[in-house]
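Below are the chains, spelled out letter by letter.
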Amino acid sequence: MKYHKLFYALLCAATLSVLLCGCGEEKKKKLLMVTEATFPPYEYRDGKEIVGIDPDIVRELAKAANRELVIEDMSFDSIIAAVQSGKADIAASGITVTEDRKKKINFTVPYVTAQQVIIVQKTSTIQGAEDLKGKRIGVQHGTTGDSYVTEKLQQPERYQNGALAIRALLTGKLDAVVLDNEPARIHAAKSQTLKILPKPLVHEEYAFAISKHNKELLTILNQELMRMKNDGRLQAILDKHMNKSGNTAEKPSIPETLWEKWVDSVKLNFIDDDRYLYLAVGFLVTLEIAFCAVLLGVLIGFTVAVIRTTADRNGNLKILNALCKLYLTVIRGTPVVVQLLLIYFVIFGSMDVDKVLVAIIAFGINSGAYVAEIIRGGIDSIDNGQMEAARSLGLSYPQSMIRIILPQALKNVLPALGNEFIVLLKETSVSGYIALQDLTKGGDIIRSQTYDAFLPLIAVALIYLAVVMLFSALLTRLERRLKNNE
Ligand code: ARG
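Colleague: When you look at the overall build of the protein in this model, what are you seeing that I'm missing?
Modeller: For the protein, the helix and strand inventory stands at 18 helices and 14 strands. When its C-alpha atoms are laid out on the principal axes, the protein stretches across 90 × 60 × 40 Å. Looking at the protein residue by residue over its 486 residues, the buried ones come to 51%. Expressed as a percentage of contacts within the protein between residues at least 6 apart in sequence, the contacts between residues at least 24 apart total 75%. Per element, the accessible surface of the protein, about 23300 Å² overall, is 60% carbon and sulfur. One finds the centroid of the 56 positive side-chain charges in the protein at a distance of 4 Å from the centroid of its 52 negative side-chain charges.

Colleague: Would you take a moment to explain helix H7 (residues 181–190) for this structure?
Modeller: Counting along an α-helix, one turn takes 3.6 residues, and residues three or four places apart therefore face a common direction. With eight of ten residues buried, H7 is to be regarded as a mostly interior element. Those residues of H7 that fall on the buried side of the exposure criterion are Asn-181, Glu-182, Pro-183, Ala-184, Ile-186, His-187, Ala-188 and Lys-190. Along its buried surface, H7 packs onto strand S2 (38–39), strand S8 (112–121), helix H6 (162–170), strand S11 (176–180), strand S12 (194–196) and helix H9 (233–242).

Colleague: Just checking my understanding: could you explain the packing of helix H15 (residues 384–392) against helix H16 (residues 397–427) for this structure?
Modeller: Where H15 meets H16, the closest approach of the two axes is 9 Å, and the angle between their N-to-C directions is 140 degrees. What the angle tells us is that H15 and H16 run oblique. For the pair H15 and H16, the crossing hand works out as right-handed. Along its contact with H15, which presents Gln-386, Met-387, Ala-390 and Arg-391, the element H16 presents Tyr-397, Ser-400, Met-401, Ile-404, Ile-405 and Gln-408. Tallied by class, the residues present in the contact of H15 with H16 amount to six nonpolar, three polar and one charged.

Colleague: Help me understand the nonpolar core in this model?
Modeller: Within soluble globular proteins, side chains that are nonpolar tend to cluster in buried spots. Core analysis: the largest hydrophobic core is formed by 54 residues, its most contacted members being Val-34, Ile-95, Ile-289 and Phe-363. Among the secondary structure elements, those contributing two or more residues to this core are strand S1 (30–35), helix H3 (76–84), helix H11 (276–314), helix H13 (336–347), helix H14 (355–381), H16, helix H17 (439–450) and helix H18 (454–485). Counting residues per element, this core draws most heavily on H11, at nine residues. Once residues lying within four places of it in the same chain are set aside, the contact partners of Val-34 are Glu-72, Met-74, Ile-79, Ala-82, Val-83, Ala-88, Ile-90, Ala-91 and Ala-92. Ranked by size, the runner-up nonpolar core spans 28 residues in total, among them Leu-61, Val-112, Ala-114 and Ile-237.

Colleague: Please clarify how the sheet that holds strand S5 (residues 68–73) should be interpreted in this entry.
Modeller: Sheet strands pair via backbone hydrogen bonds, and the direction of the pair is either parallel or antiparallel. An order of S5-S1-S6-S14-S7 is seen for the five strands of this open sheet, with the pairing classed as mixed. A single partner strand is all that each edge strand has here, and the edge strands are S5 and strand S7 (106–107).

Colleague: Explain the pattern of salt bridges here, please?
Modeller: Where charged atoms from two side chains of opposite charge come close, those side chains can pair. Taken as a whole and assessed by the stated rule, the structure comprises 22 salt bridges. It is possible to trace a salt-bridge network through shared partners that takes in Glu-60, Lys-63, Glu-224, Arg-227, Asp-231 and Arg-233.

Colleague: Got a minute to help me understand a nonpolar patch on the surface in this structure?
Modeller: On the surface, Trp-259, Trp-262, Val-263, Phe-454, Ile-458, Leu-462, Leu-465 and Met-469 cluster together to form a nonpolar patch covering roughly 860 Å² of accessible area. Among the secondary structure elements, those contributing two or more residues to the nonpolar patch are helix H10 (258–271) and H18. For the nonpolar patch, the element with the most residues is H18, which contributes five residues. Looking at where Val-263 falls in the secondary structure, it is placed in helix H10. The partly exposed category is assigned to Val-263, whose relative accessible area is 37%.

Colleague: I would appreciate a short explanation of the packing of H17 against H18 in the present structure.
Modeller: Helix-helix packing is characterised by the crossing angle of the two axes and by the distance between the axes. With their axes 9 Å apart at the nearest point, H17 and H18 run at an angle of 165 degrees to one another. As summarised for this structure, H17 and H18 are arranged roughly antiparallel, according to the angle between their axes. The element H17 and its partner H18 pack so that their crossing is right-handed. Of the residues in H18, those touching H17 at Leu-439, Thr-440, Gly-443, Ile-446 and Arg-447 are Pro-456, Leu-457, Val-460, Ile-463 and Tyr-464. When the residues that make up the contact of H17 with H18 are grouped by side-chain class, the tally is seven nonpolar, two polar and one charged.

Colleague: Where do I start with the site of the ligand in this structure?
Modeller: Of all residues adjacent to the ligand, which total 15 residues, the nearest are Glu-36, Ser-93, Thr-96, Thr-144 and Asp-180. At 2.7 Å from an oxygen atom of the ligand is found a side-chain nitrogen or oxygen belonging to Arg-101. The separation between an oxygen atom of the ligand and a polar main-chain atom of Thr-144 is 2.7 Å. Contact with the protein chains hides 100% of the accessible area of the ligand, taken as 340 Å² for the molecule alone. Partitioned by chemical class, the residues of the shell around the ligand number four nonpolar, six polar and five charged.

Colleague: In this structure, what is going on with the sheet that holds strand S3 (residues 43–46)? I would like to understand it.
Modeller: Across the sheet, three strands lie side by side as S2-S3-S4; this open sheet has antiparallel pairing. The outermost strands of the open sheet, each flanked by one partner alone, are S2 and strand S4 (49–51).

Criteria and thresholds
Residues numbered from 1 in each chain as written. Predicted model: local features only at pLDDT ≥ 70, side-chain atom pairs only at ≥ 80, totals over all residues. Heavy atoms only, no water. Helix = DSSP H or I, 4+ residues; strand = E, 2+ residues; numbered from the N terminus. Buried < 20%, exposed > 50% of the residue type's maximum accessible area, 1.4 Å probe, protein only. Contact = heavy atoms within 4.5 Å. Areas by Shrake-Rupley, 256 points an atom, 1.4 Å probe, with all protein chains shown as cover. Lys, Arg positive; Asp, Glu negative; His and termini not counted. Charge placed at Lys NZ, Arg CZ, Asp CG, Glu CD. Axes fitted to C-alpha atoms, helices over the stretch in contact; angles between N-to-C directions. Parallel < 35°, antiparallel > 145°, perpendicular 65-115°, else oblique. Left-handed = near helix turned anticlockwise from the far one by under 90°. Nonpolar A, V, L, I, M, F, W, Y, C, P; charged D, E, K, R; others polar. Core = buried A, V, L, I, M, F, W, Y, C linked by side-chain atoms within 4.5 Å. Pairing = 2+ DSSP bridges. Salt bridge = Lys/Arg side-chain N within 4 Å of Asp/Glu carboxyl O. Patch = residues over 30% accessible without salt bridge, like charges linked within 9 Å, V, L, I, M, F, W, Y side chains within 5 Å. Near = heavy atom within 4 Å. Polar contact = N/O pair within 3.5 Å; in protein donor to acceptor, adjacent residues only side chain to side chain.

Below you can see the structure in the form of structure tokens.
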């Protein structure tokens, strides 16, 4: 009966890992700024750092508010929600002031004016907004460019960021992209084949977004912003960034042979600016989430399975059983991304919890539901006579369950549990939705900087594949060992 030791070890490991992930919070007063850093010159990545006009201005604002600036990169369509829910203190992301947004958050005084412009291939026949009807138009999801095209023209093709839309335009998948003028200028300057149409679609103003509940911060920031306007600091920051090209993504050189092309691409995607680090760090985050979540899942799964079988066999634990059934229905009936977003934005809405911990909890709870049913199947597969024998030897019901039934059940369901881990590992790839930099998101960041879809995606796929293959091999060995032990 060595199996019950394995079970206890798993239980302790799960508890420990959850506890460990929960600590380590430091107590400094931070100013958490959220942004979407593929928007040069306002915000973009330079190596590992997020730089640009917005970080520079907000750094000054943070100083005035006596806070320590922390910048977080997330998808643009989550930014307003992050501020509204209190997850972040300030959104600084080239955000246009609009009436709709004003209903959800407060804006500071505007700091710059901008326009939505149309970018097309130099060879295009599109000359202005009037030619756009019926064309394939790309936008960044959730931006004012998106709303403009949707309301005034037609359904656009929505990309995660402007850089990806430009990439699609370059490869002929789109006829035009609608984007803010400064990022458009920088993207167009990087390729020899794009141009910006002279007539802008709309004029806009950018401001920073603050939660409606944080009037005090709004006042402080507004005062400092006005001071920066008056003493020339604001203009200096704008001048500094507007006159240089901004993003660090290289101009595509023109390699000759296929091999040169390949080497060039590897260099651009992984070596330059140490981009491989996005994959390396992301990989560790993915592993951490998947590993801890699977332990939590097994813990929940075991508990639920035992309650369900006990209730089914003995007819007690009625309320717990009903709760477990509800849990199984809800969790298995809704997508894991939605659960992750709900846990992050609603349940932990106004709490400052570590995102990795949120992901572990979300994926752990999700996985628990599937594990529960796997284990219940395992328990049912053990002949009832075993339980009777154990009881007649004087073991109590819980003792017989933990010492006799569960270890055997665990062995029977090992392949199915392994399968569950494999599914979970890949499912964590949606962590990017809460701005976690996991493996998939690491690849996304590289793509947005290098405009290359192929290599970053292949690299990400290969890493997942390698982990799954390694894990399957380990599992096969474990199964063989358990068989031999019989
Ligand atoms: N100004 C536009 C808006 O507010 C686009 C902003 C996009 N910003 C970004 N960092 N991607 O919708």
